[in-house]
Amino acid sequence: MKADSVASSPAGWTPLFGAWLVAASSMLGALFLGEVMELPPCVLCWWQRIAMFPLVLILPAGMFPLDRGVLRYALPLTLAGWLVALFHVLLVAGVIPERIQPCSRGVSCKEIQIEWFGFLTIPMLSLISFTLIAGFLLFAQRRMSR
């Protein structure tokens, strides 16, 4: 049996499944916004998608069979996406000066395309998703190390 295998401890499966649900919902939401609503993504949105979309495949690979090794791959992607999302949220909020934004062509990274409830923007949704996924992954890691 592999050292990273935790077949005897299925307690980590549920939080991994929760992380996958958030990642899959985020991916479907991003595809809906881009393909159905025809809202073109900015450069920072592309980088967040690059971090989010592989999680939809990586997380189930670690659930069947349950394998602690999946955390080694999913956590760095999640952290990278979280950092880009945080930068994007701060840019939209005006905390980071506009001259620093990486979007020089196409859609502006500072442009608010959707705003729900007066504060919920696409970058904020991304930050919330990455935060939830990180929380689920850290919870899974704690449960699997018992």
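Since the model is a prediction, treat every value here as computed from it, not as a measurement.

K.L.:
Quick question: what am I supposed to make of the overall build of the protein chain here?
P.N.:
Looking only at helices and strands, the protein chain features five helices and two strands. Looking at the protein chain residue by residue over its 146 residues, the buried ones come to 41%. Sequence-distant contacts in the protein chain: of pairs separated by 6 or more residues, those separated by 24 or more amount to 75%. For the protein chain, the distance from the average site of its 10 positive side-chain charges to the average site of its 7 negative ones is 14 Å.

K.L.:
What am I meant to see in the packing of aromatic side chains here?
P.N.:
Overall, the coordinates contain three aromatic pairs when judged by the stated rule. A ring pair is formed by tryptophan 13 and phenylalanine 64, whose centres lie 6.0 Å apart and whose planes are at 70°; its orientation type is edge-to-face. Here tryptophan 13 is found in helix H1 (residues 13-36), whereas its partner phenylalanine 64 is found in the loop between helix H3 (55-63) and helix H4 (70-93), with 51 residues between them in sequence. A relative accessible area of 29% means that tryptophan 13 is categorised as partly exposed. Classification of phenylalanine 64 as exposed rests on a relative accessible area of 59%. One aromatic cluster is present, built from ring pairs that chain together Trp13, Phe17, Trp20 and Phe64. The ring centre of tryptophan 46 lies 5.2 Å from the NZ or CZ of arginine 49, which sits over that ring.

K.L.:
Help me understand the state of the cysteines, please; the structure alone is not making it clear to me.
P.N.:
Linking two cysteines covalently via their sulfur atoms produces the bond known as a disulfide. Here the structure, examined in full by the defined rule, presents zero disulfides. Left without a disulfide partner, cysteine 42 is nearest to the cysteine sulfur of cysteine 45, which lies 3.5 Å away. A relative accessible area of 16% means that cysteine 45 is categorised as buried.

K.L.:
Just checking my understanding: could you explain the packing of H4 against helix H5 (residues 122-144) for this structure?
P.N.:
Contact geometry of H4 with H5 gives a least axis separation of 8 Å together with a crossing angle of 150°. The angle between H4 and H5 falls in the class roughly antiparallel. Once H4 is placed against H5, the crossing between them reads as left-handed. Along the contact surface, H4 presents Leu71, Ala74, Leu75, Leu77, Thr78, Gly81, Trp82, Ala85, Leu86, His88, Val89 and Val92, while H5 presents Pro123, Met124, Ser126, Leu127, Phe130, Thr131, Ile133, Ala134, Leu137, Leu138, Gln141 and Met144. In the contact of H4 with H5, the residues fall into 18 nonpolar, six polar and no charged.

K.L.:
Got a minute to help me understand helix H2 (residues 43-52) in this structure?
P.N.:
Because an α-helix packs 3.6 residues into every turn, residues spaced three or four apart end up facing the same way. By the burial criterion, the buried members of H2 are Leu44, Cys45, Gln48, Arg49, Ala51 and Met52. In a view along the axis of H2, the buried residues occupy a sector of 160°, so they form one face of it. For H2, the secondary structure elements touched by its buried residues are H1, H3, H4 and H5.

K.L.:
Sorry, what's going on with the confidence of the model for the protein chain here?
P.N.:
Caution applies to low-pLDDT parts of the model: their predicted coordinates are not meant to be read in detail. Model confidence for the protein chain is summarised by a mean pLDDT of 88, while 93% of its residues fall at 70 or above. Contacts for the low-pLDDT stretch residues 1-8, under 50 throughout, to residues beyond four places or in other chains number 12 contacts.

K.L.:
Can you help me understand the nonpolar core in this one?
P.N.:
Most often, soluble globular proteins have nonpolar side chains that are buried together. Core analysis: the largest hydrophobic core is formed by 23 residues, its most contacted members being Leu16, Ala23, Leu55, Leu59, Ile133 and Leu137. Those elements giving two or more residues to this core turn out to be H1, H2, H3, H4 and H5. The element that contributes the greatest number of residues to this core is H5, accounting for six residues. Counting residues in hydrophobic clusters, the runner-up holds eight residues, among them Cys45, Leu91, Ile96 and Val107.

K.L.:
Please explain the side chain of threonine 78 as it appears in this structure.
P.N.:
For threonine 78, the location among the structural elements is in helix H4. In this structure threonine 78 comes out as buried when scored by relative accessible area, which is 1%. Reaching out from threonine 78, the side chain makes a polar contact with the backbone oxygen of alanine 74 at a distance of 2.7 Å.

The rules behind these values
- Residues numbered from 1 in each chain as written.
- Predicted model: local features only at pLDDT ≥ 70, side-chain atom pairs only at ≥ 80, totals over all residues.
- Heavy atoms only, no water.
- Helix = DSSP H or I, 4+ residues; strand = E, 2+ residues; numbered from the N terminus.
- Buried < 20%, exposed > 50% of the residue type's maximum accessible area, 1.4 Å probe, protein only.
- Contact = heavy atoms within 4.5 Å.
- Lys, Arg positive; Asp, Glu negative; His and termini not counted.
- Charge placed at Lys NZ, Arg CZ, Asp CG, Glu CD.
- Phe/Tyr/Trp six-rings, centres within 6.5 Å; stacked < 30°, edge-to-face > 60°.
- Lys NZ or Arg CZ within 6 Å of the ring centre and 35° of its normal.
- Disulfide = S-S within 2.5 Å.
- Axes fitted to C-alpha atoms, helices over the stretch in contact; angles between N-to-C directions.
- Parallel < 35°, antiparallel > 145°, perpendicular 65-115°, else oblique.
- Left-handed = near helix turned anticlockwise from the far one by under 90°.
- Nonpolar A, V, L, I, M, F, W, Y, C, P; charged D, E, K, R; others polar.
- Arc of directions from axis to C-beta.
- pLDDT = per-residue confidence, 0-100.
- Core = buried A, V, L, I, M, F, W, Y, C linked by side-chain atoms within 4.5 Å.
- Polar contact = N/O pair within 3.5 Å; in protein donor to acceptor, adjacent residues only side chain to side chain.

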